[in-house]
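# A structural walkthrough
Next come the chains, spelled out residue by residue.
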Amino acid sequence: MNLSKKTLFAFAFVAGSSNAQPPEMGNIHEHRQDRNEWGSNLIELHGSGTTNPSKCYWLLMSQIMDEAKEPLRMTYRAVGSSTGIKEFSEPNPLLRNDFGSGDIPISRSIYESLNAEVSSANETAVAHFPIVMGAVSFFHSIPGMKNNENPLNLTSCQLAKIFKREIIYWDNAEIKADNPNLNLPHESYPIKVAHRVKGSSSTSAISKYLHETCPGEWPLSMVGSTVSWEKDTMSCEGSAGMTSCIRDVEGAIGYIDAGHGHDEGLIEVAVKNKDGNYLTSLQAGPNGIGQAALQALDLGILPSSSFDDYSDVHLLNMPGSNTWPLVGMSYVYVRMNVKEEHHNPHKEALLKFFVESLYDRDVIGQCSVYGFVPVPSRVRDIALAGLQKLRVGHGPTFKREVDTMPNGQAPYVVSKKRRNYYELQSAEIASDLRDTYLDLKYVYDSVGLGETGEIQLNPADKKMLEAALGLGIFSFILWGLTFVFFILRRCGCM
């Protein structure tokens, strides 16, 4: 039987990544504690919750599993913040996640009910660990406009009227007053409002923001993860659906996490912040997003302990000249008494190591590609102090090796020096794609676009392109003739 190189590689890869390796020698009793019904010394960790940082979690979990000496199994189910909280507070341990994650804090009622399970009045059962922050923003599709080039300025009250369908044309007098240079395709150019369906953390964020900044136009009854929208608005499911609603319909306006919106090339609205400055999330940048958490900490809105009640925390309309007014924060929820929760020292150690990794600047910094900003140092310090108070069993301590260190081959060392061939190839392909993207961007920027969106070429470029196309066609014909010649020779027709 002849096997291709690709088939052999596939078999080798599966065998190499099966984790079916013997346990490390040493304390045999220690290894038996984690043995499952198949006799493996696999260490498992399973979380669930918000979809927003799910790619970040998957990336970091994959890296830890690849770089660990021991066989690990780490998963995260992206099922939404509400489900993550429900599975975190689930009374049945068999249905409970090892950790939860959400873009909203645990409600006061759930927080108090979990604390009621603790025997001591001086203890709390739940810890909130803020991990990453992200901007939520409004985007539109008025033709001819670009990001950071005379952006569309809108106040929160104007946005409230637009989403309530009280302002239905882009040349409304209020909008024109703040945007005197706004060019529209025609008079009475209609506004098409897009909104999320089902429960959405972004709907919750924008509705709270509109109520807080313009309560006269956006009442408390219109605040929540679901809102009763007017019938002539567009219902869009998920971030992908919202992207399509905005991008594919001229004159539309909607809301989405800013990182996703910019990845999709959507045009952002400039919003007036609490200090009265119009800016986009791009102009605010990571510092403007991080400032929202620092201001909330100074105002007592964000607690100074991981074990306090976070139910009233929000990062909306915080002060500061460059502070972005619509900021969301993603949390990891952990039970303080990890030892009593899991009765598994190895799982407890892995859970603590994973959460600690989320505060390693080099580790969490990788998630910036998904539009997230790590929490500021002061918030990070509060979280790290809380992590030290988690009660875990007498299990191992996971360590991370970046530069070669003594005893790097010891058990429970997660080492950057360990890589598998699949991950290496993926990194090289990603690098090649990045180089190709930059080359194409250079060509795109060099030739420029006309008003019709067509590529504009000067005479010299046009001659070079025509010559290149001619050579390409000639090469294609030669290859075709060679192929025909080869077929004729094979069939004995020549």
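Everything that follows concerns the structure shown earlier in this document.
Figured I'd write up the structure that's included with this text.

### A few points about the nonpolar core
- Grouped together as the largest cluster of nonpolar side chains are 112 residues, with contacts concentrated most on Phe129, Phe138, Ile162, Phe163, Trp170, Ile253 and Phe354.
- If you tally residues by element for this core, the top one is strand β4 (residues 126–140), at 10 residues.
- Sequence-distant contacts of Ile162, defined by excluding residues within four places in its chain, comprise Leu154, Ile167, Trp170, Ile175, Ile191, Val193 and Ile253.

### So, empty space enclosed by the protein
- Tallied over the full model, the rule gives 3 cavities of 30 Å³ or more.
- Its boundaries defined by the atoms lining it, the second largest cavity holds a volume of some 40 Å³.
- Considering the residues around the second largest cavity, the lining is formed by Phe88, Arg96, Asn97, Asp98, Val334, Arg335, Val338, Glu341, His342 and Leu351.
- Counting only elements with at least two residues in the lining of the second largest cavity, the list comes to β13 (326–335) and α12 (338–342).

### Side note on helix α11 (residues 281–298)
- Between its first and last C-alpha, α11 extends only 22 Å over 18 residues, short of the 26 Å set by a 1.5 Å rise per residue.
- Taken as a whole, α11 has its buried residues at Ser281, Ala284, Gly285, Gly288, Ile289, Gly290, Ala292, Ala293, Leu294, Ala296 and Leu297.
- Immediately beyond the C-terminal end of α11, within one or two residues, lies Gly300, with a positive phi of roughly 80 degrees.

### Digging into the pattern of salt bridges
- On inspection of all chains with the given rule, the structure shows 13 salt bridges.
- Of the charged contacts, one joins Arg400 and Glu67 as a salt bridge, the two residues approaching to 3.9 Å between their closest N and O atoms. You can see Arg400 sitting in strand β15 (residues 399–401) and its partner Glu67 sitting in helix α3 (residues 54–67), a full 333 residues away along the chain.
- Exposure remark for Arg400: the relative accessible area of 22% places this residue in the partly exposed category.
- Using a relative accessible area of 6% as the deciding quantity, one classes Glu67 as buried.

### Focus: the pairing of strand β3 (residues 99–102)
- Burial along β3 is two-sided: Phe99 and Ser101 facing one way and Gly100 and Gly102 facing the other are all buried.
- In terms of strand pairing, strand β1 (residues 43–49) meets β3 through 3 bridges, oriented parallel. Looking across to β3, one finds that Gly49 is bridged to Ser101.
- Examined bridge by bridge, β3 and β13 share 3 bridges and lie antiparallel to one another. Residue pairing across strands places Gly102 opposite Tyr331, the latter belonging to β13.

### Some remarks on the state of the cysteines
- On inspection of all chains with the given rule, the structure shows 3 disulfides.
- Two residues share a disulfide in this structure: Cys56 and Cys367, whose sulfurs sit 2.0 Å from each other. When the S-S torsion is 80 degrees, as for the bridge of Cys56 with Cys367, the disulfide is right-handed. Separated by 311 residues along the polypeptide, Cys56 in helix α3 and Cys367 in the loop between α14 (361–364) and β14 (373–374) bring together distant segments of the chain.
- Of the residues examined, Cys367 reaches a relative accessible area of 0% and is grouped as buried.
- Paired by a disulfide, Cys157 and Cys214 hold their sulfur atoms 2.0 Å apart. Note on the Cys157 and Cys214 pair: the S-S dihedral is about 105 degrees, so by sign convention the disulfide is right-handed.

### Topic: the environment of Met405
- Summarising the element assignment, Met405 is placed in the loop between β15 and β16 (413–415).
- Met405 sits 10 residues away from Ser415 along the chain, and the two C-alpha atoms are 9.7 Å apart.
- Residues contacting Met405, with those up to four places away along its chain left out, are Arg400 and Val413.

### Points about the pairing of strand β6 (residues 192–196)
- Counting buried residues along β6, 4 of its 5 residues qualify, which places the element largely inside the surrounding structure.
- Here β6 runs beside strand β7 (residues 234–236); their pairing, made up of 3 bridges, is parallel. Residue pairing in the sheet places His195 in a bridge with Ser235 of β7.

### Some thoughts on the sheet that holds strand β11 (residues 278–279)
- Judged by pairing direction, the sheet is mixed, and its 3 strands sit side by side in the order β5-β10-β11 without closing on themselves. Both outer strands of the open sheet, β5 (153–154) and β11, are each paired with one neighbouring strand and no more.
- In terms of strand pairing, strand β10 (residues 270–272) meets β11 through 2 bridges, oriented antiparallel. In the sheet register, Lys272 faces β11, and the bridge partner there is Tyr278.

### Describing the packing of helix α6 (residues 156–163) against helix α8 (residues 201–213)
- The contact between α6 and α8 brings their axes to 9 Å, and the two run at 125 degrees. Between α6 and α8, the crossing angle belongs to the class labelled oblique. The way α6 lies across α8 gives a crossing that is left-handed. Contacts between α6 and α8 pair Ser156, Leu159 and Ala160 from the former with Tyr209, Leu210 and Thr213 from the latter.
- The residue inventory of the contact of α6 with α8, partitioned by class, reads 4 nonpolar, 2 polar and no charged.

Criteria and thresholds
- Within each chain, residues carry numbers counting from 1 in the order of the written sequence.
- Side-chain atom pairs in this predicted model are given and counted only at pLDDT of 80 or more, local residue features only at pLDDT of at least 70, and totals for whole chains, interfaces and linings cover all residues.
- Note: side-chain values were computed over all heavy atoms of the structure, leaving out hydrogens and water.
- In this description, a nonpolar core means a group of buried Ala, Val, Leu, Ile, Met, Phe, Trp, Tyr and Cys residues linked to one another through side-chain atoms lying within 4.5 Å.
- To sort residues, take the accessible area from a 1.4 Å probe on protein chains only and compare it with the maximum for the residue type: under 20% means buried, over 50% means exposed, and anything in between is partly exposed.
- Secondary structure elements are defined from DSSP: runs of H or I of at least 4 residues count as helices, runs of E of at least 2 residues count as strands, and each element is numbered from the N terminus.
- The contact rule is simple, with two residues in contact once any of their heavy atoms fall within 4.5 Å.
- Two kinds of site are reported from a 1 Å grid over the protein atoms alone, namely cavities, where a 1.4 Å probe fits but cannot get out, and pockets, open sets with protein on both sides within 12 Å along at least five of seven lines, and residues are called lining when an atom falls within 4 Å of a point.
- Grid points are joined across faces, edges and corners, and a volume is the space filled by probe spheres set on the points.
- Take the residue count of a helix, subtract one, and multiply by 1.5 Å to get its expected span.
- By definition here, a salt bridge exists when the distance from a side-chain nitrogen of Lys or Arg to a carboxyl oxygen of Asp or Glu is within 4 Å.
- Only strands that DSSP links by at least two bridges are regarded as paired with each other.
- Two cysteine sulfurs form a disulfide in these notes if their separation is within 2.5 Å.
- Every axis corresponds to a line fitted to the C-alpha atoms, with the helix fit spanning only the stretch in contact, and the corresponding angles, defined between N-to-C directions, vary from 0 to 180 degrees.
- Here the word oblique covers every angle except those under 35 degrees (roughly parallel), over 145 (roughly antiparallel) and from 65 to 115 (roughly perpendicular).
- Two helices crossing with the near one rotated counterclockwise from the far one by less than a right angle form a left-handed crossing, whereas a clockwise rotation gives a right-handed crossing.
- Under the scheme applied, nonpolar residues are Ala, Val, Leu, Ile, Met, Phe, Trp, Tyr, Cys and Pro; charged residues are Asp, Glu, Lys and Arg; polar residues are all the others, including Gly.

By themselves, these are just geometric observations and shouldn't be taken as functional.
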